[in-house]
Amino acid sequence: MIRAKIAGIGHYVPNNVVSNDDLSKHMETSDEWIQERTGIKERRFGTKHEESTTTMGYEASKVALERAGITAEEVDFIIFATLSPDYYFPGCGVLLQRALGITKTEIGALDVRNQCSGFVYALSVADQYIRSGMYKNILVVGAEMHSMGLEFTTRGRGVSVIFGDGAGAAVVQATEEDKGILVSELHSDGTNAEILSLLSPGSHGGVHHDDKEQFGFPDKSTLGGTFITDKMLENGHHFPYMDGKSVFKKAVVKFPEVIKSTLDKIGKTAEDIDLLIPHQANLRISQFIQKVLGLKDEQVFNNIHKYGNTTAASIPIALSEAWEEGKVKEGDTICLAAFGSGFTWGSVIIKW
Ligand code: UT7
């Protein structure tokens, strides 16, 4: 039986550390508010115009490849998850392929747009390709350079204090050993899709919550021109929007639900988890999940205090750090779980 194992995991975070006090120089916020509501003490921001989502994904990939003991030429597919791509298009997958110098083999590259659950979705897709025998080595990357697209003002403080930059990568490899991804489960509910969104630029015209008239729509008879308007820029529609409270309420229900049902599929319970790595959205959300599932402190990994919420990168960064700290060992049952914009959520259980 062919299974997909994580043969190498790596991460990269930029050197530039930004504290809560640093942010409070730009907006009305405080270290106390941020730590109390989110658990975040600091985050990393990439160097403007030198680093990008792809360059960070590239750094993380180099580590993952080295730890897997394979070269970039041996990768036969790339899956890249991000909400902060270098370009609107093409996606980061092909940019990473170019950076890694994988040009001769013309392998496929797929971009995943599932925000916070991007890495879990990408891993599940890689698992299916491996199990079907289509590919042997898939490079799965989650990377974000949020700092280029946040509003560092009091208007944007509800969102901008939360996010940080970074990247994680995994070499997902075919194995006939009794290990690897045991099961994954994916979900979505688009009912309130705009509750956590970035609306402009977009073909919808970027307007959802507000009266269309005030956003400078040209006459309907003209061609084009509504992808992004001056009014939308003025109103900050090119920045992420989040109704934090509503997202929080849904997250604390869906996280435990999906973890329980994924475990159930393989006849396991929360007690069997050696390490849960939840998407690092908010320390209070992780603590809530821990409590509902009855997990001990040593069964849950958190690093949000150092990096903030790095969206698609948060799980692979945490997995890589946990592995480096010796908290992910041969034979362990590892549970990855994520919830975010869409809403989309899911969980993957791995026998390491
Ligand atoms: O990763 C993807 C999924 N995302 C999430 O899971 C995020 C889920 N949501 C959250 O983590 C929390 O809702 C937040 C951390 C975003 C916000 O915490 P909250 O406890 O829900 O605060 P709130 O948005 O209800 O705001 C409470 C107060 C408001 O003031 P008033 O109306 O009570 O006077 C805000 O204006 O805090 C104010 N506030 C701030 N104050 C200082 C909002 N942001 C800030 C800030 N600094 N950065």
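Residues numbered from 1 in each chain as written. Predicted model: local features only at pLDDT ≥ 70, side-chain atom pairs only at ≥ 80, totals over all residues. Heavy atoms only, no water.

**What to know about the overall build of the protein**
Then comes step 1: In terms of helices and strands, the protein carries 11 helices and 13 strands.
Then comes step 2: Taking 2.2 N^0.38 as the reference for a compact globule, 352 residues should give roughly 20 Å; the C-alpha atoms of the protein span a radius of gyration of 20 Å, in line with that estimate.
Then comes step 3: Reported as C-alpha extents along the three principal axes, the dimensions of the protein are approximately 60 × 50 × 40 Å.
Then comes step 4: Classification of the 352 residues of the protein by burial places 54% in the buried group.
Then comes step 5: Restricting the contact set of the protein to residue pairs at least 6 apart, pairs at least 24 apart contribute 77%.
Then comes step 6: In the structure as shown, the protein presents an accessible area of about 15,800 Å², 49% of it carried by carbon and sulfur atoms. (Helix = DSSP H or I, 4+ residues; strand = E, 2+ residues; numbered from the N terminus. Rg over C-alpha atoms; globule rule 2.2 N^0.38 Å. Buried < 20%, exposed > 50% of the residue type's maximum accessible area, 1.4 Å probe, protein only. Contact = heavy atoms within 4.5 Å. Areas by Shrake-Rupley, 256 points an atom, 1.4 Å probe, with all protein chains shown as cover.)

**Quick look at the sheet that holds strand E6 (residues 137-144)**
Strand pairing in a sheet relies on backbone hydrogen bonds, with the paired strands running either antiparallel or parallel.
Then comes step 1: Read across the open sheet, the 5 strands follow the order E1-E7-E6-E4-E5; overall the sheet is mixed. Each edge of the sheet is formed by a strand with only one pairing partner; in this case those strands are strand E1 (3-12) and strand E5 (108-112). Recorded for the sheet is a direction-independent mean angle of 20° between the axes of neighbouring strands.
Then comes step 2: Looking at chain direction, E1 and strand E7 (residues 166-175) are connected through 9 bridges and run antiparallel. Bridge pairing links Arg3 to Thr175 in E7.
Then comes step 3: On the sheet, helix H3 (residues 53-68) packs against E1, strand E4 (77-81), E6 and E7 and is oriented at approximately 125° with respect to E1.
Then comes step 4: The sheet contacts of helix H4 (residues 92-99) involve E4, E5 and E6, and relative to E4 the element is tilted by about 125°. (Pairing = 2+ DSSP bridges. Axes fitted to C-alpha atoms, helices over the stretch in contact; angles between N-to-C directions.)

**Structural notes on the packing of aromatic side chains**
Then comes step 1: Under the definition given, this model contains 7 aromatic pairs.
Then comes step 2: When the centroid spacing of 5.3 Å and the interplanar angle of 80° are considered together, the rings of Tyr129 and Tyr135 count as edge-to-face.
Then comes step 3: Relative accessible area serves as the criterion here: at 23%, Tyr129 is assigned to the partly exposed category.
Then comes step 4: Look at Phe339 and Phe343: their rings are 5.0 Å apart centre to centre, the planes differ by 35°, and that puts the pair in the tilted class.
Then comes step 5: Note on Phe343: relative accessible area 3%, which makes it buried.
Then comes step 6: Within the aromatic cluster, the residues linked to one another by ring pairs are Phe255, Phe339, Phe343 and Trp345. (Phe/Tyr/Trp six-rings, centres within 6.5 Å; stacked < 30°, edge-to-face > 60°.)

**Let's talk about the nonpolar core**
Then comes step 1: Ranked by internal contacts, the top residues of the largest apolar core, which has 35 residues, are Leu123, Ile277, Leu319, Leu336 and Ile350.
Then comes step 2: Here this core takes 7 residues from helix H5 (residues 118-131), the largest share from any one element.
Then comes step 3: Each of domain 1 (3-178) and domain 2 (181-192 + 242-351) accounts for three or more of the residues forming this core.
Then comes step 4: Discounting residues that sit within four places of it in the chain, Ile277 has contacts with Phe301, Ile315, Ala318, Leu319, Ala322, Cys335, Leu336 and Ala337.
Then comes step 5: Formed by 26 residues, the second largest nonpolar core is a distinct cluster that contains Ala251, Ile273, Ala337 and Ile349. (Core = buried A, V, L, I, M, F, W, Y, C linked by side-chain atoms within 4.5 Å. Domains from an automatic or database assignment.)

**Comments concerning the packing of H3 against H4**
Then comes step 1: Between H3 and H4, whose axes approach to 9 Å, the crossing angle comes to 55°. Comparing their axes, H4 and H3 come out oblique. For the element pair H3 and H4, the recorded crossing hand is right-handed. Taken together, the residues of H4 that come into contact with H3 (itself represented by Thr53, Thr54, Gly57, Tyr58 and Ser61) are Cys92, Leu95, Leu96 and Ala99. (Parallel < 35°, antiparallel > 145°, perpendicular 65-115°, else oblique. Left-handed = near helix turned anticlockwise from the far one by under 90°.)

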